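The chain contents come next:
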Amino acid sequence: IFNETNVFVTFERKAKSIADHFVTTAKNYGGRSLVRTGSATDMGFLPDDSVDFIFTDPPFGANINYSEMNILWETWLGAFTDSTDEAIMNRSQGKGVEDYQELMQRSLEEANRVLRPNHWMVLVFMNSSEKVWTALHSAIVAAGFVIEKVNIFDKQHGTFKQFVSANTAGADLMIHCRKHSSGEGKKTSEEGPALSVLDFLKSQKDSIPVLPFLHVKRDAEVDYRTLYSRYIAEAMKDAGYVVGFSDFRGKAAEFFEGEK
């Protein structure tokens, strides 16, 4: 699953793949691009209603401490990230779920401001905590977006955390948010009732995802991570409040045990 590799061999292979991509696809690209670093809480360099489409992959709550992970090469470069407005839950920065929600909302309000009316933002996200999902939903709605659709983005391979922790959630979700021209997206951030796990599981009885085991004599098991991604995708469109992955897994196991 994971093994030590020669860093120079890996770098050479990756560099060749990237170079090949540029050579074989360059003819498909036109115009110009601009890369800018900074905080999404302040995009004053962009005028109102000027962006056609936003694709964003924000920090997943406390899952990865990006600014701290960059400390080694930032030391080499002699330039350090200003983490003041980093949207993250981090004890050393003194940021809890309320701070995370506020920073996400400020960033999404800026995204809403610069996006053209009736245009789209796709936000990629996954977390195992009900508090983080509630904070995200509240931030999206309070920023003026309407969640129109949610897709599951299955990258077909697990992360290290998924291999070492049974309570780490699975496939990311792609949350399609639209900025309406009429202002109908300006709602309060109150959440509706939670989607019942039992009702959801009953609706999935004929399409339960399973994990097969290759090369070993072991029965296939329920893929709780994929099932949880489906549950969140269904709940995010309306409720905004969900149960965490650990609770979901426990309730689902009881449900399947009772079905035997």
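As the structure is a computational prediction, the values presented were derived from the model and not from experiment.

Conventions and cut-offs
Residues numbered from 1 in each chain as written. Predicted model: local features only at pLDDT ≥ 70, side-chain atom pairs only at ≥ 80, totals over all residues. Heavy atoms only, no water. Helix = DSSP H or I, 4+ residues; strand = E, 2+ residues; numbered from the N terminus. Buried < 20%, exposed > 50% of the residue type's maximum accessible area, 1.4 Å probe, protein only. Contact = heavy atoms within 4.5 Å. Patch = residues over 30% accessible without salt bridge, like charges linked within 9 Å, V, L, I, M, F, W, Y side chains within 5 Å. Areas by Shrake-Rupley, 256 points an atom, 1.4 Å probe, with all protein chains shown as cover. Salt bridge = Lys/Arg side-chain N within 4 Å of Asp/Glu carboxyl O. Axes fitted to C-alpha atoms, helices over the stretch in contact; angles between N-to-C directions. Parallel < 35°, antiparallel > 145°, perpendicular 65-115°, else oblique. Nonpolar A, V, L, I, M, F, W, Y, C, P; charged D, E, K, R; others polar. Left-handed = near helix turned anticlockwise from the far one by under 90°. Pairing = 2+ DSSP bridges. 1 Å grid on protein atoms, 1.4 Å probe; cavity = no way out; pocket = protein on both sides within 12 Å on 5 of 7 lines; lining within 4 Å. Points joined across faces, edges and corners; volume = space filled by probe spheres on them. Phe/Tyr/Trp six-rings, centres within 6.5 Å; stacked < 30°, edge-to-face > 60°. Lys NZ or Arg CZ within 6 Å of the ring centre and 35° of its normal.

Participant: Whenever I open this one, the overall build of the protein confuses me. Can you help?
Facilitator: A count of helices and strands for the protein gives 9 helices and 6 strands. Out of the 260 residues in the protein, the part that is buried amounts to 34%. Expressed as a percentage of contacts within the protein between residues at least 6 apart in sequence, the contacts between residues at least 24 apart total 74%.

Participant: In this structure, what is going on with a nonpolar patch on the surface? I would like to understand it.
Facilitator: On the surface, Ile71, Leu72, Trp73, Trp76, Leu77 and Phe80 cluster together into a nonpolar patch covering about 760 Å² of accessible area. Mapping Leu77 onto the fold places it in helix H3 (residues 71-77). Leu77 gets classed as exposed once you look at its relative accessible area, which sits at 69%.

Participant: Can you help me understand the packing of helix H8 (residues 224-236) against helix H9 (residues 245-259) in this one?
Facilitator: Helix packing for two helices is described by the angle between their axes and how far apart those axes are. H9 packs onto H8 with a crossing angle of 110° between their chain directions and a minimal axis gap of 10 Å. The orientation of H8 relative to H9 falls into the category roughly perpendicular. Along its contact with H8, which presents Tyr224, Arg225, Leu227, Tyr228 and Tyr231, the element H9 presents Phe245, Phe248, Arg249, Ala252, Ala253 and Phe256. Of the residues in the contact of H8 with H9, the class split is 9 nonpolar, no polar and 2 charged.

Participant: Is there a simple way to think about the packing of helix H5 (residues 130-142) against H8 in this case?
Facilitator: At a minimum axis separation of 12 Å, H5 and H8 run at an interaxial angle of 35°. Crossing angle aside, the handedness with which H5 passes H8 is right-handed. On H8, the residues touching Trp133, Leu136 and His137 of H5 are Tyr228, Ile232 and Met236. Looking at side-chain class alone, the contact of H5 with H8 contains 5 nonpolar, 1 polar and no charged residues.

Participant: Looking at this model, I keep getting lost on the sheet that holds strand E3 (residues 145-153). Mind explaining?
Facilitator: The strands that make up a sheet are held in pairs by hydrogen bonds between backbone atoms, and each pair lies either parallel or antiparallel. An order of E1-E2-E4-E3 is seen for the 4 strands of this open sheet, with the pairing classed as mixed. A single partner strand is all that each edge strand has here, and the edge strands are strand E1 (51-56) and E3. Strand-to-strand twist of the sheet, defined as the mean angle between neighbouring strand axes without regard to direction, takes the value 15°. Where strand E2 (residues 115-125) lies against strand E4 (residues 172-179), 6 bridges are found, and the strand directions are antiparallel. From the neighbouring strand, Phe125 faces E4, where its bridge partner is Leu173. Each of E3 and E4 is contacted by H8, which is oriented at about 165° to E3, the strand it contacts most.

Participant: Looking at this structure, I do not really get unusual backbone geometry. What am I missing?
Facilitator: Backbone phi values are negative for most residues with the exception of glycine, while trans is the configuration of most peptide bonds. If you check the backbone angles, Asp49 has positive phi at about 50° while not being a glycine. Relative to the assigned elements, Asp49 resides in the loop between helix H1 (7-25) and E1. Its identity as a non-glycine residue notwithstanding, Asn118 has a phi of 65°, on the positive side. Structurally, the position occupied by Asn118 is in strand E2. Judged by relative accessible area, Asn118 falls into the partly exposed class, the value being 36%.

Participant: I would appreciate a short explanation of the layout of surface pockets in the present structure.
Facilitator: Unfilled space is identified by rolling a water-sized probe across the atoms. Taken as a whole, the second largest pocket spans an internal volume of roughly 1,100 Å³. For the second largest pocket, the lining is made up of 34 residues, of which Gly38, Ser39, Ala40, Thr41 and Thr56 are closest to its centre. Listed by contribution, the elements that provide at least two residues to the lining of the second largest pocket are E1, helix H2 (66-69) and helix H4 (97-114). Classifying every residue of the lining of the second largest pocket gives 19 nonpolar, 9 polar and 6 charged.

Participant: Explanation requested: the packing of aromatic side chains in the structure shown.
Facilitator: The geometry of an aromatic ring pair comes down to the distance between the two centres and the angle between the two planes. Counting across every chain of the model gives 10 aromatic pairs. The interplanar angle of 70° and the centroid separation of 5.2 Å between the aromatic rings of Phe125 and Trp133 together place this pair among those described as edge-to-face. We note that Phe125, like Trp133, is buried. Ring plane angle 65° and centroid distance 5.6 Å describe the contact between Phe200 and Tyr231, whose orientation is recorded as edge-to-face. A residue pair is termed long-range when its members are at least 10 positions apart, and Phe200 in helix H7 (residues 197-203) and Tyr231 in helix H8 qualify at 31 residues. On the basis of relative accessible area, Phe200 is assigned to the buried category, the value being 4%. Joined through ring pairs, the aromatic side chains of Phe200, Tyr228, Tyr231, Phe245 and Phe248 make up one cluster. Here the guanidinium or amino end of Arg36 rests over the ring plane of Phe45, the centre of that ring lying 3.9 Å away.

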